[in-house]
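# Structural overview for review
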Amino acid sequence: MRYLDPPTTPRPAAFRPTSPLLATVLLLLGAALWPAADVARADADQLQTFVRNEVIPAAGVNFVRVGDLDSDGKVDFAGLDSVYDRGTGNIIETRMTWWRQDDPEQGMPIGSNFSAGIDVRGASRDPNLRMGVGDMDGDGHQDLLTVEPNGQVSAWLNPDGSAEFAGRKSGGRVLTDVDHIEIANLDADANDTRDDLLVLRDGRDVTWYRSEGEMGEIDLGKPETILRGSDARQVESMTAGDFNGDGLLDLATAMNRTGGEIAWWLQRLDGEDRVFERAGVGTENNVRDLTFGDVDGDGDLDILVTSQVGNRPYDIFAWLNNGDGKTFERDEGIMHYGITKDHKYNSIDTADINGDGALDFIASEFTANSNAGHLCWYENPGAPAPTQVPTALPTPLPSATSPGSTPPSATPPGATPPPPDATPLPSATPPAGTPPGFEPIVTIHLPFASRR
């Protein structure tokens with residue numbers, strides 16, 4: 001799953017006009033500063049080359065997702081780490097594990113210190129294991145969910161936020177022919193407090209399974225079709241985010257790796273039914289993975305893909321949202337150049353990893369000629385994104401505020417409030433009816449994430 005942008009902190013009363021004279025002065029000052037505000041926003045729309053950070057030790061990693069697994073307020077990574085046969089290059093087995101973000105060493109920036117967490121005990125070691133990260137039981141902590149090759153759905157619950165993942169529980173379902181899963185709180189607009197499972201089957205439907213049961217338990221409900229087979233027959237991966245800001249989670253999909261197409265689908269409510277209508281498509285060849293996030297800092301969600309064009313190396317491309325969720329334009333300035341033609345980004349995800357307010361991305365990278373995998377995160381050198389009201393995932397994750405500081409423990413995102421004995425985060429609502437560039441706005445920059 002991923003985190004959406006945090007809300008804007010209400011302005012103190014001291015910033016509000018209290019007399020006609022003061023209001024006039026502020027109006028003139030706002031008019032004088034308005035061009036500067038426009039320039040700043042225009043600058044935010046220009047993507048810059050992301051900066052590749054140190055490799056995180058993970059010799060055979062081929063899949064990664066983000067989440068605050070140990071509930072310390074810092075972004076961690078979970079993924080699949082495979083063991084390869086040196087002779088044939090084939091995967092022998094796969095481990096499900098996670099990597100903790102530790103406090104930085106003295107004088108080093110946030111996001112510079114990671115360590116390998118435990119391998120999840122009892123998890124399938126089959127290379128075809130499917131996994132995702134999210135709060136499946138509604139207790140405010142990030143869990144791991146797997147769909148094994150035999151179809152068994154298992155939840156590795158994290159009841160105390162320690163990321164021990166000792167308790168394996170059945171999801172109450174056996175799902176066949178699963179090609180891809182996504183963890184998303186599809187009905188958060190209806191005040192649901194837990195993440196659900198989206199399942200993609202090749203050539204068949206995209207299906208939604210609600211996570212039900214008491215807090216601390218998981219029991220997947222009856223399947224509900226959200227994309228019919230006629231629409232989903234070539235879909236190979238997907239991600240869910242609110243692209244048009246209406247409070248409903250939408251979908252972005254990658255169609256047929258060799259066919260070269262991505263699509264975005266907007267959700268609308270038709271009575272009690274959730275209807276997804278395709279709003280647009282774009283050409284993107286050989287897509288291996290896609291995710292979403294506000295990478296250009298303009299306040300709406302963009303789409304990131306890792307793909308290959310012709311014989312060039314794999315690259316990360318951004319499709320920039322024009323603001324209505326219907327039109328996305330492919331940014332021709334590549335966010336990162338692939339190293340060699342056999343250097344592949346097998347999976348990507350987004351998060352504000354160093355807490356500076358600008359959205360970064362994490363990639364699991366694999367070099368075919370050496371059968372070597374590793375994790376790298378890429379720092380966004382752009383300006384912090386403007387904050388916005390969270391849509392469909394209402395509980396954002398707090399970030400560290402300065403290098404060397406330890407962020408407070410908090411509820412991870414995914415529409416999951418803290419348990420009753422926890423100290424809730426202060427709520428923040430945006431001021432209504434305020435023109436941009438007029439009054440000072442105090443913002444909170446928090447990590448961003450989701451997916452699956």
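Just so you know, these numbers come straight off a predicted model, no measurement behind them.

## Structural notes on the overall build of the chain
Along its length, the chain carries 2 helices and 24 strands. Restricting the contact set of the chain to residue pairs at least 6 apart, pairs at least 24 apart contribute 54%. When the accessible surface of the chain is totalled, it reaches about 18500 Å², and 51% of it is carbon and sulfur.

## Structural notes on the pairing of strand β22 (residues 343–351)
Within β22, 8 of the 9 residues are buried, leaving the element largely enclosed by the surrounding structure. As judged from the 8 bridges shared by β22 and strand β23 (residues 360–367), these two strands associate in the antiparallel manner. In the sheet register, Ala351 faces β23, and the bridge partner there is Asp360.

## Some thoughts on the packing of aromatic side chains
Here a ring pair, both rings aromatic, is described through the centre-centre distance and the interplanar angle of the planes. Across all of its chains, the model carries 8 aromatic pairs by this definition. When the ring of Trp264 is compared with that of Trp319, the centres are 6.1 Å apart and the planes differ by 50 degrees; the resulting orientation is tilted. On the criterion of sequence distance, the pair formed by Trp264 in strand β16 (residues 261–270) and Trp319 in strand β20 (residues 315–321) is long-range, its members being 55 residues apart.

## A short note on the side chain of Asn158
Position of Asn158 relative to the elements: it lies in the loop between β8 (152–157) and β9 (167–174). Among the polar contacts listed, one links the side chain of Asn158 to the backbone oxygen of Gln142, at a separation of 3.0 Å. Leave out the neighbours within four places in its chain, and Asn158 touches Leu69, Asp139, His141, Gln142, Asp143, Ala163, Glu164 and Phe165.

## Comments concerning the sheet that holds strand β13 (residues 219–227)
The 4 strands lie next to each other as β10-β11-β12-β13, forming an open sheet whose pairing is antiparallel. Two strands in the sheet have a free side with no partner beyond their single neighbour: β10 (180–184) and β13. Across the sheet, the mean angle from the axis of one strand to that of its neighbour is 25 degrees, orientation sign disregarded.

## Structural notes on the nonpolar core
Leu186, Leu198, Val206, Ile226, Leu227, Leu251 and Phe276 are the most contacted members of the largest nonpolar core, which totals 18 residues. For this core, the secondary structure elements donating two or more residues are β11 (196–200), β12 (206–212), β13, β14 (235–241), β15 (250–255) and β16. Take this core: its biggest share by element is 3 residues, from β14. Residues in contact with Leu186, not counting those within four places in the same chain, are Asp196, Leu198, Trp208, Ile226, Leu249, Gln267, Arg274 and Phe276.

## Details of the pattern of salt bridges
Under the defined criterion, the tally for this structure stands at 16 salt bridges. Residue Arg65 pairs with Asp289 through a salt bridge whose shortest N-O separation is 3.3 Å. Here Arg65, found in strand β2 (residues 61–67), pairs with Asp289, found in strand β18 (residues 289–293); they are 224 residues apart in sequence, far enough to count as distant. The pair formed by Arg65 and Asp289 is uniform in burial state, with each residue classed as buried.

## Examining the environment of Met335
Inspection of the secondary structure puts Met335 in the loop between β21 (328–330) and β22. On the basis of relative accessibility, which here comes to 1%, the residue Met335 falls in the buried class. If near-sequence neighbours (up to four positions away) are discounted, Met335 is found in contact with Leu47, Thr49, Phe50, Leu304, Ile316, Phe317, Ala318 and Phe361.

## Things to note about the environment of Gly333
Assignment of secondary structure puts Gly333 in the loop between β21 and β22. Remark: the alpha-carbon pair of Gly333 and Leu47, spanning 286 residues in sequence, is separated by 7.4 Å.

## Focus: the sheet that holds strand β5 (residues 114–119)
One open sheet accounts for 4 strands, arranged β2-β3-β4-β5; its pairing is antiparallel. With one partner strand each, in any of the chains shown, β2 and β5 form the two edges of the open sheet. Recorded for the sheet is a direction-independent mean angle of 30 degrees between the axes of neighbouring strands. Across 4 bridges, the pairing between strand β4 (residues 91–101) and β5 is antiparallel. Directly across from Thr97, in β5, lies its bridge partner Asp119.

## Notes on unusual backbone geometry
With a phi close to 50 degrees, Phe165 is a non-glycine residue in the positive phi region. By secondary structure assignment, the location of Phe165 is in the loop between β8 and β9. Given the relative accessible area of 1%, Phe165 is considered buried. Within the chain, Asn286 stands out as a residue other than glycine whose phi angle is a positive 50 degrees. Note on placement: Asn286 falls in the loop between β17 (273–282) and β18.

## With respect to the environment of Asp68
Take Asp68: it is sitting in the loop between β2 and β3 (76–84). As a C-alpha pair, Asp68 and Arg100 span 32 residues in sequence and 8.7 Å in three-dimensional space. Only 3.0 Å separates the side chain of Asp68 from the backbone nitrogen of Gly73, close enough to count as a polar contact.

## Let's talk about the side chain of Asp137
Position of Asp137 among the secondary structure elements: in the loop between β6 (130–134) and β7 (143–147). Here Asp137 occupies a buried position and makes no salt bridge, while the nearest side chain of opposite charge, Arg194, is found at 6.5 Å.

## A word on the confidence of the model for the chain
The pLDDT averaged across the chain works out to 75; a share of 70% of its residues lies at or above 70. Segment residues 1–44: pLDDT under 50, and 104 contacts once partners within four positions in sequence are set aside and those in other chains are kept. The low-confidence segment residues 387–452 (pLDDT under 50) makes 218 contacts with residues lying over four places distant or belonging to another chain.

About the thresholds
- Residue positions are given per chain, counting from 1 as you read along its sequence in written order.
- Predicted model: local features are reported for residues with pLDDT of at least 70 only, side-chain atom pairs are reported and counted for 80 or more only, and whole-chain, interface and lining totals are derived from all residues.
- Hydrogens and waters are ignored; side-chain quantities use all the structure's heavy atoms.
- Secondary structure elements follow DSSP: runs of H or I no shorter than four residues count as helices, runs of E no shorter than two count as strands, and numbering proceeds from the N terminus.
- Contacts are assigned to residue pairs with any non-hydrogen atoms lying within 4.5 Å of each other.
- Under the convention used here, a 1.4 Å probe and the Shrake-Rupley method define accessible areas, while residue burial counts only the protein chains that appear.
- Relative accessibility decides the category of a residue: with a 1.4 Å probe and only protein chains considered, values under 20% of the type maximum give buried, values over 50% give exposed, and everything between is partly exposed.
- A pair of strands is labelled paired if DSSP reports no fewer than 2 bridges between them.
- Aromatic pairing here means that ring centres of Phe, Tyr or Trp (its six-membered ring) are within 6.5 Å. Orientation follows from the plane angle: under 30 degrees is stacked, over 60 is edge-to-face, and everything else is tilted.
- Any pair of N or O atoms that falls within 3.5 Å is considered a polar contact. Within protein, one atom must be able to donate a hydrogen and the other to accept it, and sequence-neighbouring residues count only if both atoms are side-chain atoms.
- Lines are fitted to the C-alpha atoms to define the axes, a helix being fitted only along its stretch in contact, and any angle between axes, read from their N-to-C directions, falls within 0 to 180 degrees.
- Throughout, nonpolar core names a set of buried Ala, Val, Leu, Ile, Met, Phe, Trp, Tyr and Cys residues whose side chains join them through atoms within 4.5 Å.
- The salt bridge definition used is simple: a Lys or Arg side-chain nitrogen within 4 Å of an Asp or Glu carboxyl oxygen.
- Here Asp and Glu are counted as negative and Lys and Arg as positive; His is not counted, and neither are the chain ends.
- The predictor attaches a confidence to each residue, and that confidence, scored 0 to 100, is pLDDT.

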